[in-house]
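Examination of the molecular architecture
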Amino acid sequence: MSKNILKFHHPIFLNGLNMTIRRGTKWDGNLGLIWAETDTGTYIGPANVKFTQVMKFDEIEAHIHNFNHDPDCRTRKGIFKELCELYEAFDVKEIVTLVWFEMLEVSGEGRD
């Protein structure tokens, strides 16, 4: 059985509910236990995906960004900049999945 692995460029997390945005719909409906890793493959810890939402990036309401796990991405401008760095030719009209999760444990320093 393969593990679902969610990778993070900046592995900083809120206590409680966190949100991350991923391009496309691959993570839609992927609920329950997952493993969190850095984008270089270092294990961070287990997380529980509570729910997902699919929408166009420009339809995300501003207050939703307050739940982003990365402090630099808690504004529309900040997350858009990050998505443009991570995904080639990212556009505000693209379909994204909001993955809502709680970290169950965090190894190393990763709490905001």
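Below: a short report on this structure. If you're wondering where the values come from, they're calculated on a predicted model, not measured in any experiment.

Moving on, we get to the overall build of the protein. Tallying secondary structure elements over the protein gives one helix and five strands in all. Reading the helices (α) and strands (β) of the protein from amino to carboxyl end gives β-β-β-β-α-β. Taking 2.2 N^0.38 as the reference for a compact globule, 112 residues should give roughly 13 Å; the C-alpha atoms of the protein span a radius of gyration of 13 Å, in line with that estimate. With respect to the principal axes defined by its C-alpha atoms, the protein has extents near 35 × 30 × 25 Å. Expressed as a percentage of its 112 residues, the buried residues of the protein come to 40%.

All right, on to the pairing of strand 4 (residues 43-56) then. In the sheet, strand 3 (residues 32-38) pairs with strand 4 via six bridges, with the strands oriented antiparallel. Within the sheet, the bridge partner assigned to I34 lies in strand 4 and is A47. Count of turn residues in the strand 3/strand 4 antiparallel hairpin: four residues, of which G41 carries a positive phi of about 95°. Inspection of the sheet shows strand 4 paired to strand 5 (residues 95-103) by nine bridges, in the antiparallel sense.

Scanning the model with the defined rule gives ten aromatic pairs in all. In textbook terms, an aromatic cluster arises when at least three aromatic residues are bridged by ring pairs, as seen for F57, F80, Y87 and F90. Geometry around F8 places R22 over its ring, the cationic atom sitting 5.1 Å from the centre.

Think of a disulfide as a covalent bridge from one cysteine sulfur atom to another cysteine sulfur atom. One pass over the full model with this rule turns up zero disulfides. Note on C73: no disulfide assigned, nearest cysteine sulfur contributed by C84 at a separation of 11 Å. Exposure remark for C73: the relative accessible area of 2% places this residue in the buried category.

Turning to the environment of H63, a few remarks are in order. Here H63 is to be found in the loop between strand 4 and helix 1 (76-86). Owing to a relative accessible area of 44%, H63 belongs among the partly exposed residues under this scheme. C-alpha separation for the pair H63 and G16, spaced 47 residues apart in sequence, amounts to 17 Å.

Take the side chain of N30 next. Mapped onto the fold, N30 is located in the loop between strand 2 (17-23) and strand 3. Ignoring any residue separated from it by four or fewer positions in sequence, one finds N30 in contact with N4, V49 and T52.

A few words on the sheet that holds strand 1 (residues 5-8). Across the sheet, which stays open at both edges, the five strands sit in the order 1-3-4-5-2 with mixed pairing between neighbours. In this open sheet, the two edge strands, each paired with only one partner strand, are strand 1 and strand 2. Sheet twist, expressed as the average angle between the axes of neighbouring strands with direction ignored, equals 45°. Both strand 1 and strand 3 contribute to a ladder of four bridges, which runs parallel. Bridge pairing in strand 3 places I5 opposite W35.

Thresholds applied
- Residues numbered from 1 in each chain as written.
- Predicted model: local features only at pLDDT ≥ 70, side-chain atom pairs only at ≥ 80, totals over all residues.
- Heavy atoms only, no water.
- Helix = DSSP H or I, 4+ residues; strand = E, 2+ residues; numbered from the N terminus.
- Rg over C-alpha atoms; globule rule 2.2 N^0.38 Å.
- Buried < 20%, exposed > 50% of the residue type's maximum accessible area, 1.4 Å probe, protein only.
- Pairing = 2+ DSSP bridges.
- Phe/Tyr/Trp six-rings, centres within 6.5 Å; stacked < 30°, edge-to-face > 60°.
- Lys NZ or Arg CZ within 6 Å of the ring centre and 35° of its normal.
- Disulfide = S-S within 2.5 Å.
- Contact = heavy atoms within 4.5 Å.
- Axes fitted to C-alpha atoms, helices over the stretch in contact; angles between N-to-C directions.

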